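Descriptive analysis of the structure
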Amino acid sequence: MIWIAQLTDTHLNGGESGARFERIAAWLERFTPPVDAIVLTGDLVEVGELGDGAEVYTAMAERLASIAPAIAVPGNCDDPEALAAAFLVPGFGVAPLGANTVLVVGDAVAVIGLDSSIPGQFEGRLSAETLGWLETALAALPAGMSVILAMHHPPVALGHPAVDGFRLENPDSLAAVVRKEPRIVGILVGHTHGATVAAFAGKPVIVGPGIHSAMTLPQEPPTTPPSLIDFAVQPGVALHRIDGDTITTHFRSVAG
Amino acid sequence: MVWIAQLTDIHLDGSEAVRARFERVVAWLGSIQPSLSAILLTGDLVEQGAGGQEDYRHIRDALQPLAPVIAVPGNADDPDAFDTVFGWDRNPGAISVGSWLVPVGEQVWLLPLDSSDCEENGWTLDPEPIVEAREELAALPGDAVVLVALHHPPVGVGHQLMDQMTLRDVPELECMVRDDARVVGVVAGHIHSGIATSFAGKPLVVGPAVQSQIRLDAELSGREADLLVDDAPPMVTMHRLEGGRLSSWFHAVV
């Protein structure tokens, strides 16, 4: 039995989001027993506002290293190089390619982190190099291992017009890999700041709640000034329990 | 496209605090546009021994103006009072008396099931409605979409305390969910936490409660008295059905 905490969309920018991240880290630190691993699914640092964010990524990686082994993938706000340099996950049977890497948890679960970011764009894409690397990584993993894919952009529409247009642009290429790989038990993503579950290529897709903020739903009345971002919602975490080929996700919000 | 709002574990108990949490959710549901295809209540609408028929009426009267209301009972519900207000033959649009499937949108049906009967080693589900529902399913078109709703999750969710008592195995339920491609998922309540897992090869979504949320085993480390998080906001689950695909949003009402 493996428990993985998914933290996503912290959007660290030198402001209030730092306190929301720390609230989550302090809460997670008190777990008994601790989680087996932490997965960060992107938009960790607002690099535009904080240079390349190198120091912020390093501080974040150090804070989490005291809790559990962590793997991170970049989102559209991140600097993939600075992120990969700070989180330094060596891979398993395959060397990392840019920010693509593998973290093996215990000896039964592998988390494969994929870089779906496109420099300067909100939408995501898995490059041919990344998809090729994914196949190599899968080939390097033992037969009995359960595999989790982690990336920033949801590969399916979730029913929110404001974000559905900025999802993964090439889901079919990923679906082709997922469909022939029975070891994959689930796909963890972020990006939309809302705890959501859906399905893709026959597997669960789980969207972690945003730590920076929540997103308003498409049916909610417009705010003044218009905004999709709701700071009144508590920051949340998705906790994934992996038991053989079954993933069970608990969503928790954390009060201040 | 069909949107269904799921409210679960409201536990009205006569107290102002619990009622206020429900009212907050009602106000939020009333504020959203476009309107919902249905509102699904997955049990424990009142607190055991503390809620009565007037509470069920209150829930129904508050929600019915917003969308058709479909309800299944939980273990805390009063069977007679629940039936008087929410009995399945009062489900809106029931095809006919003796029909288990409830239409909620174009080619979308809910199958509400009653898991509130308790035996020594767990809650039970009468297989008869499932057997009859399968006959009704046979008459539906191939592109129909069916969502099963019941109070108790049919599998353990990885919470020591909440998994102590579970729904007893119902092979008829498992076979129907596994074998019929038109059954796209199962939704439940009972746990007081937003959870996603799978059952019989399909998504199982457990809606978080209106009344309270719960802490995980690793947060409790044996302190069972700390189970409930009372200061967490009430929550709603918004299920979206589009082209035979289910996506479910867990939404905190602040």
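Residues numbered from 1 in each chain as written. Chains lettered and ligands numbered in written order. Predicted model: local features only at pLDDT ≥ 70, side-chain atom pairs only at ≥ 80, totals over all residues.

**Quick look at the overall build of chain B**
Which entries qualify depends on this criterion: Each helix is a run of H or I in the DSSP string that is no shorter than four residues. Each strand is a run of E no shorter than two, and both are numbered from the N terminus. Both definitions apply: the radius of gyration is a C-alpha atom measure, and the globule rule equals 2.2 Å times residues to the power 0.38. Counts of 20 or more other C-beta atoms within 10 Å of a residue's own C-beta define buried residues, counts of 12 or fewer define exposed ones, and intermediate counts define partly exposed ones; C-beta atoms are placed from the backbone.
Scanning chain B from N- to C-terminus turns up six helices and 15 strands. Whereas a compact globule of 254 residues would reach a radius of gyration of roughly 18 Å, chain B reaches 17 Å, a difference of no more than 12%. Dimensions of chain B, computed from the C-alpha atoms along their principal axes, are close to 50 × 40 × 35 Å. In chain B, buried positions account for 51% of the 254 residues.

**Considerations on the overall build of chain A**
A tally of regular secondary structure across chain A gives six helices and 13 strands. Here chain A has a C-alpha radius of gyration of 17 Å; the compact-globule value for 256 residues is 18 Å, and the two agree. Referenced to the eigenvectors of the C-alpha coordinate spread, the extents of chain A come out at roughly 55 × 35 × 35 Å. Residues classed as buried in chain A amount to 53% of the 256 residues present.

**Let's talk about the sheet that holds strand E12 (residues 236-243) of chain A**
Convention followed: Two strands are counted as paired when DSSP detects at least two bridges linking them. All axes here are fitted lines through C-alpha atoms, helices being fitted over the stretch that makes contact, and every angle between N-to-C directions spans 0 to 180 degrees.
The strand order E3(A)-E2(A)-E1(A)-E12(A)-E13(A)-E10(B)-E11(B)-E9(B)-E8(B)-E5(B)-E4(B) describes an open sheet built from eleven strands, whose pairing is mixed. Two strands in the sheet have a free side with no partner beyond their single neighbour: strand E3 (70-72) of chain A together with strand E4 (102-105) of chain B. Averaged over all adjacent pairs, the angle separating strand axes in this sheet is 25 degrees, with direction ignored. Across five bridges, the pairing between strand E10 (residues 194-199) of chain B and strand E11 (residues 202-206) of chain B is antiparallel. Each bridged residue has a counterpart across the sheet, and for B:Ser198 the counterpart in E11(B) is B:Pro203.

**What to know about the sheet that holds strand E8 (residues 196-200) of chain A**
Two orientations exist for strands paired in a sheet by backbone hydrogen bonds: parallel and antiparallel. If you trace the eleven strands from one edge of the open sheet to the other, you get E4(A)-E5(A)-E6(A)-E7(A)-E9(A)-E8(A)-E15(B)-E14(B)-E1(B)-E2(B)-E3(B), paired in mixed fashion. Since the sheet does not close on itself, it has two edges, and those belong to strand E4 (101-105) of chain A together with strand E3 (69-72) of chain B, each with one partner. The sheet shows a mean angle of 20 degrees between the axes of neighbouring strands, taken without regard to direction. Where strand E6 (residues 146-150) of chain A lies against strand E7 (residues 184-189) of chain A, four bridges are found, and the strand directions are parallel.

**Considerations on the pairing of strand E1 (residues 2-7) of chain A**
Residues and elements named next belong to chain A. Among the six residues that make up E1, five are buried, leaving the element largely enclosed by the rest of the structure. As paired strands, E1 and E12 are joined by five bridges and run antiparallel to one another. Across the sheet, the residue bridging to tryptophan 3 is arginine 241, located in E12. Relative to strand E2 (residues 37-40), E1 is paired through four bridges, and the arrangement is parallel.

**Quick notes on the confidence of the model for chain B**
All names here are of chain B. Cut-off, in case you're wondering: pLDDT is defined as a per-residue confidence score from the predictor, taking values between 0 and 100. Remark: residues whose backbone-derived C-beta atoms lie within 7 Å of one another are considered to be in contact.
Here chain B averages 91 in pLDDT, while 96% of its residues score no lower than 70. Least confident of the elements in chain B is strand E6 (residues 117-119), whose mean pLDDT is 85; most confident is strand E9 (residues 183-188), at 98. Counting contacts from residues 92-97, a segment whose pLDDT is below 50, to residues more than four positions away or on other chains yields ten contacts. Taken over the whole predicted complex, pTM reads 0.95, whereas the ipTM for its chain interfaces reads 0.93.

**Re the interface of chain B and chain A**
Interface extent is often summarised as the accessible area lost during association of the parts. Threshold: Here the nonpolar group is Ala, Val, Leu, Ile, Met, Phe, Trp, Tyr, Cys and Pro; Asp, Glu, Lys and Arg are the charged ones; every other residue, Gly included, is treated as polar.
Facing the 31 residues of chain B at the interface are 32 residues of chain A. Of all the elements, strand E15 (residues 245-252) of chain B adds the most residues to the side of chain B that touches chain A, at seven residues. Split into classes, the residues belonging to the side of chain B that touches chain A amount to 15 nonpolar, eleven polar and five charged. The pairing of E8(A) with E15(B) spans two bridges and is antiparallel. The residue bridging A:Thr196 from the neighbouring strand is B:Trp249, located in E15(B).

**Some points on the packing of helix H2 (residues 54-65) of chain A against helix H3 (residues 80-87) of chain A**
All names here are of chain A. The line we're drawing: Here a crossing is called left-handed whenever its near helix is offset anticlockwise from the far helix by less than a right angle, and right-handed whenever the offset is clockwise.
Put simply, H2 and H3 touch, their axes get as near as 8 Å, and they point 35 degrees apart. For the pair H2 and H3, the sense of crossing is right-handed. Contacts between H2 and H3 involve Ala54, Tyr57, Thr58 and Ala61 from the former and Ala82, Leu83, Ala85, Ala86 and Phe87 from the latter. Along the lines of polarity and charge, the residues of the contact of H2 with H3 split into eight nonpolar, one polar and no charged.

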